[in-house]
Each structure stands twice: as C-alpha cells, then as structure tokens.
Amino acid sequence: QAGADAVKFQTFRAERVVSRHARKAEYQERNTGSSESQLDMIRKLELGPDDFARLAAHARSRAIAFLSTPFDEDSVGVVAGLGVSMLKVPSGEITNPLLLRACARTNLPLIVSTGMATIGGAKATDRNRIVSVPVTPGDEVWCLTTGTSTIVTRRNGKVMYMGQTQGVGRVF
C-alpha cells in the first residue's frame, strides 16, 4: 500500500557480532538505560531463520523484493537460503575478509555499503585480494554513495570500488 519496491532487514547472531564485555554506546544507554548489557540489548533485536522465512514469504506475496544484510558468516547462509536476489555488505564489515569471502561464495550480486567506511578500508580490502576492479560489458552494477566514497559492486561476487569526485566516479 505504501508503494515500496523492496524491504531490507539485518540478519545476525548477537553472540557472533557483540562481545559479552562490550559496553553500550552513550546513545544506547540514553535510549534503553544501563541496566542490561549491549549483548542483551542486541539479543532482543535478533530474528531467527523461521522469522526471516515468514517475512520473505510475506514480502513476495506483496510483490516486494526481500533483502537482508548478513553481519556474520553463518547469517550469509541463512540469507542466501531465503532465495534473495542479492546481498548487502554492511559498511562496518567491508574489511572483514571472512564475511566478504562468505558473501562472494554465494555468487550473488553484492551491494557494499559505505556509511561507516573509508576508501582506505576499500583499498585494504583490495590488498587482501577480495576486491576485483575490472568490469566487462553486461555486468550488473549497483552503487551506494556517501559524502566521501562510492562503492560499486558487480555480479558473480566480484567487487569494484570507486571514489566520488563531484558526483562522478573514478576507478582507483
């Protein structure tokens, strides 16, 4: 009814992404109090595979594309198993080689977010041989931009990155 083309969730196992010793950020304490740990707070946000299956089925019944960003390697399998058309890599994880390799192994197109990333992070990813720059005719390319960088991804698990220069991308 709202006219949405897609819906995107986040898939994670709290124990895989948050240390039991991690303190809440100041804004988290302000919004949720300090009586529980960050791990306990994050656990409340976690959905299981059956929850995602129901959400994906509902989205498809409404002709809405279903996406979910995996935050750990196990979650890549959960999301890919839902029959998604692509994966989104969270910006805080673009230097996480285990997650990137798990995403690449699915051979799904990747959207690599840059909200918390820097071009230096993308270059570090390239040095680890996870990023591939060449693009050939017919590649599907997706792009997300922040004020400082643009990351472009293509089909078959290959990722290329670009820097933003007054709205025009250039390959590094």
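For the structure itself, consult the block above.
Nothing here was measured: the structure is a model prediction, and the numbers come from that model.

S.K.: Even after reading the chapter, I still don't get the packing of aromatic side chains, so can you show me in this structure?
M.R.: Two measures describe an aromatic ring pair: the distance that separates the ring centres and the angle between the ring planes. One pass over the structure, following the stated rule, counts two aromatic pairs. Consider the rings of F9 and F52, whose centres lie 6.4 Å apart with planes at 75 degrees: the pair is edge-to-face. Residue F9 is found in strand β1 (residues 6–11), and its partner F52 is found in helix α4 (residues 49–61); the two are separated by 43 residues along the sequence. For F9, a relative accessible area of 23% corresponds to the partly exposed category. Connected via pairs of aromatic rings, a cluster forms that spans F9, F52 and F66.

S.K.: How should I be thinking about the nonpolar core in this particular structure?
M.R.: With 18 residues, the main nonpolar core has F66, V76, V84, L87, V89 and C103 as its most contacted residues. Those elements giving two or more residues to this core turn out to be α4, α5 (73–80), β3 (87–89), α6 (97–105) and β4 (110–112). Ranked by the residues each element gives to this core, the list is headed by α6, at four residues. Apart from the residues lying within four places of it in its own chain, the contact partners of V76 are P70, L87, L99, A102, C103 and T106. Formed by six residues, the second largest nonpolar core is a distinct cluster that contains A14, V18, L39 and I42.

How each quantity is defined
Residues numbered from 1 in each chain as written. Predicted model: local features only at pLDDT ≥ 70, side-chain atom pairs only at ≥ 80, totals over all residues. Heavy atoms only, no water. Phe/Tyr/Trp six-rings, centres within 6.5 Å; stacked < 30°, edge-to-face > 60°. Helix = DSSP H or I, 4+ residues; strand = E, 2+ residues; numbered from the N terminus. Buried < 20%, exposed > 50% of the residue type's maximum accessible area, 1.4 Å probe, protein only. Core = buried A, V, L, I, M, F, W, Y, C linked by side-chain atoms within 4.5 Å. Contact = heavy atoms within 4.5 Å.

By themselves, these are just geometric observations and shouldn't be taken as functional.
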